[in-house]
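# Structure at a glance
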Amino acid sequence: MAESICRVLRDGALEGEHAPALTIKDSLDSPFAFDVFSYILVQLSSQILRGNSQSRGIVIVAVSRSPSSYISLLKTKGVDVESSQKWIHILDCYTDPLGWKNKIQKSRNVKDIPHQSSLITSSYKAMKDLEKLFSVITELGGGLVEEKKARFCVAIDSLSELLRHTTSPSVSGFLSNLRCHDQISCIFGLLHSDLHDDKVPAALDYMSSMVANVEPFHHSFNGQRGNSENSLSEQSFTRGKFNVRFKRRNGRVRVMSEEFKVDPEGISFTSVSSVDGASSVSGLLPKLQFNLQLSEKERTDRAKVVLPFEHQGNGRPIQIYDGRRSLEDYNAEAKQTSGGKKGGSGTGEIIYYRDSDDEMPDSDEDPDDDLDI
Amino acid sequence: MEPQASNLLDEALGFHGHANPGRPGGRFVLIEDCLDTSGAVVLHHLIKRSLVSHPYSVVIFLAFNHPFAHYDRILRKLGCNLAAQRDNSRFFFIDMLMCQCPDDGKIPQFWLTGLFEKIEGLISSLHPDSKNFVTIMIDDVSLFEVAANGSSNDVLDFMHYCLTLTSEFDSTFVALDHKDIYLDGEKPILILEMEYLADILIKVEPLATGLAKDVHGQLTVMNKETQNPQISSPIKIRNFHFRIKENSIEYFYPGTKAW
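Residues numbered from 1 in each chain as written. Chains lettered and ligands numbered in written order. Predicted model: local features only at pLDDT ≥ 70, side-chain atom pairs only at ≥ 80, totals over all residues. Heavy atoms only, no water.

### Considerations on the packing of aromatic side chains
- Inspection of the entire model under this criterion finds 23 aromatic pairs over all chains.
- Centre to centre, the rings of F242(A) and F269(A) are 4.9 Å apart; their planes meet at 50°, and the pair counts as tilted. Here the residue F242(A) occupies a position in strand β8 (residues 239-247), and F269(A) occupies one in strand β10 (residues 266-271), the gap between them amounting to 27 residues. In terms of burial, F242(A) and F269(A) fall into one category: buried.
- Of note, R65(A) hangs over the ring of F34(A), and the distance from its end group to the ring centre comes to 3.5 Å.
- Note that R86(B) overlies the ring of F68(B), its terminal NZ or CZ placed 4.0 Å from the centroid. (Phe/Tyr/Trp six-rings, centres within 6.5 Å; stacked < 30°, edge-to-face > 60°. Helix = DSSP H or I, 4+ residues; strand = E, 2+ residues; numbered from the N terminus. Buried < 20%, exposed > 50% of the residue type's maximum accessible area, 1.4 Å probe, protein only. Lys NZ or Arg CZ within 6 Å of the ring centre and 35° of its normal.)

Here you go:
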């Protein structure tokens, strides 16, 4: 749910807690992580400008796209980048990530002309040094927000490039340091999951409080795109599924699902089109040839069924003793004993005492669940 | 070459796009071929198209596969005189056949930085009219990786820097690679990463039904149509067949040719 993600990022970090972190993952079957990243960037930027979010500024670590493309993106979407109020800074790790151009200019004895497209960009030339990157980001962000208590957010494009330049443990450490920093409100980045061994995206999943997966509607079987025309259809490259996993502070994990569509205006999200209005969770159930759920009629019929141990079987109306109401029909002897078993009469009877009104028949609830030992 | 024959591939590449007439509608064109069907066909077409499209256009060609004479002979049959273009400083042939990164155990960064400096220097020294019509081509990336002592990371760094040149000078980058040469069980990082970076991906494959006398293969062109990189773009896919003739290449939709 794209809106929920934006809300969580907007709300930011609580005092004493790690900043929320979002990882957007995709694969070559549905390479739209950047579209989702841009969408979130634009939403968050608008909220920062309106003063609606915890962050007062944003630092974009531009690794796979140039700073000018981000400036154009934000301007196209109506976000005021050149505002007098400093709120954005783009760290240019794209133009010269390893300092090659710097070396060439030095060898030609050419003065290093600051190749800045605007005041909000600064270049970074040491992609293999994540500790330095961390200090540059925090310095830039701190400069944006000025007050010590104010926070800023960090957008990283892309985490796959960071992993290519350095190692997985150093990237994990870098992200962890960002999340712990006092002034960072939230971080989000994108990852191409098929460029790495399985354990690397898994490690980043553990570090993220939200993981968004961009997937096609149908996965190819062997993980590679086949060379037949069947696997290539225009539809698979404009739409797909958007699954998000939220990790709450209390440990609860919530999974939500949406559909997305990419067109020249941008990416849009719609709720999953499902049969008979079932919740999004049912979209994760396997498709079976039998129905696992009840229709309305089946539900009402089931409610009407009288269970064999709940009726007297002799035409008398149903009487269920639940130990709470005073009984008019029972004698005083039955009232004194807590169980209230009836004294022996000629015929055998089964007397059923229901534990609680709320208990559904066939419930899997463990009745000892609320014991506090 | 008949206008109609060049239309399908050129159209798929966006050569006739209004934004950039005379240039493919995308900065990075990746050609992926396999053993059964060679992608050199598309590379030769692009060399000719780049040289013919604009009077000041320039091609910088990094050759790891064949010597100059090979390309000269083939392009001559397609109606393009590479030797003359080279003499006119419109076709720069960088012969990498004998070049190998010094195998002294050090990472090949110095060698690659030197190569990048050469290309960047070539472009900077061009006439201002030519600077916006440069095409950098590599034939092919797998041999480049071999020359770099198998360091795919360094090859990717080099390609990243070439791509920054394309945005700085508004030029095009074309690379050819083979998709079926990587070991099973190991992730082919180099080719996957290039597929992510590519604006246009051209897959050159045999027909699903096998080899044929009249149809030599099929092309699948996936164009992200990133004329405006800041705007999202759905990926447009076109598929058609081709036939290599003596002096030209014919492109046609499946089933539209009566033999």
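Now that the structure is up, let's keep going.
### A few points about a nonpolar patch on the surface
Residues and elements named next belong to chain A.
- A surface patch of nonpolar side chains, about 340 Å² in accessible area, is lined by L288, F290 and L292.
- In this structure, L292 sits in the loop between β10 and α9 (296-304).
- For L292, a relative accessible area of 60% puts it in the exposed group. (Patch = residues over 30% accessible without salt bridge, like charges linked within 9 Å, V, L, I, M, F, W, Y side chains within 5 Å. Areas by Shrake-Rupley, 256 points an atom, 1.4 Å probe, with all protein chains shown as cover. Salt bridge = Lys/Arg side-chain N within 4 Å of Asp/Glu carboxyl O.)

### Concerning the sheet that holds strand β3 (residues 88-92) of chain A
Residue and element names in this part refer to chain A.
- Strand order across the open sheet formed by 10 strands is β4-β3-β2-β5-β6-β1-β7-β8-β9-β10, with mixed pairing between neighbours. Lying at the two open borders of the sheet, with one neighbouring strand each, are β4 (121-123) and β10. The mean inter-strand angle of the sheet, taken between neighbouring strand axes irrespective of direction, is 20°.
- In this sheet, strand β5 (residues 151-157) lies alongside strand β2 (residues 55-62) in parallel orientation, the contact comprising 7 bridges. Of the residues in β5, the one forming a bridge with V59 is V154.
- Helix α5 (residues 130-145) contacts β2, β3, β4 and β5 of the sheet and is inclined by roughly 145° relative to β2. (Pairing = 2+ DSSP bridges. Axes fitted to C-alpha atoms, helices over the stretch in contact; angles between N-to-C directions. Contact = heavy atoms within 4.5 Å.)

### Considerations on the state of the cysteines
All names here are of chain A.
- For the coordinates displayed, the defined rule picks out 0 disulfides over all chains.
- The structure places no disulfide on C180, whose sulfur is separated from the nearest cysteine sulfur, that of C186, by 15 Å.
- When its relative accessible area of 42% is taken as the criterion, C180 is described as partly exposed. (Disulfide = S-S within 2.5 Å.)

### Focus on helix α3 (residues 68-77) of chain B
All names here are of chain B.
- Within α3, the full set of buried residues consists of F68, H70, Y71, D72 and L75.
- Of the surrounding elements, those touching the buried residues of α3 are α2 (40-53), β2 (58-63), α4 (82-87), β3 (91-95) and β4 (134-139).
- Positive backbone phi, approximately 95°, marks G79, located one or two places after α3.

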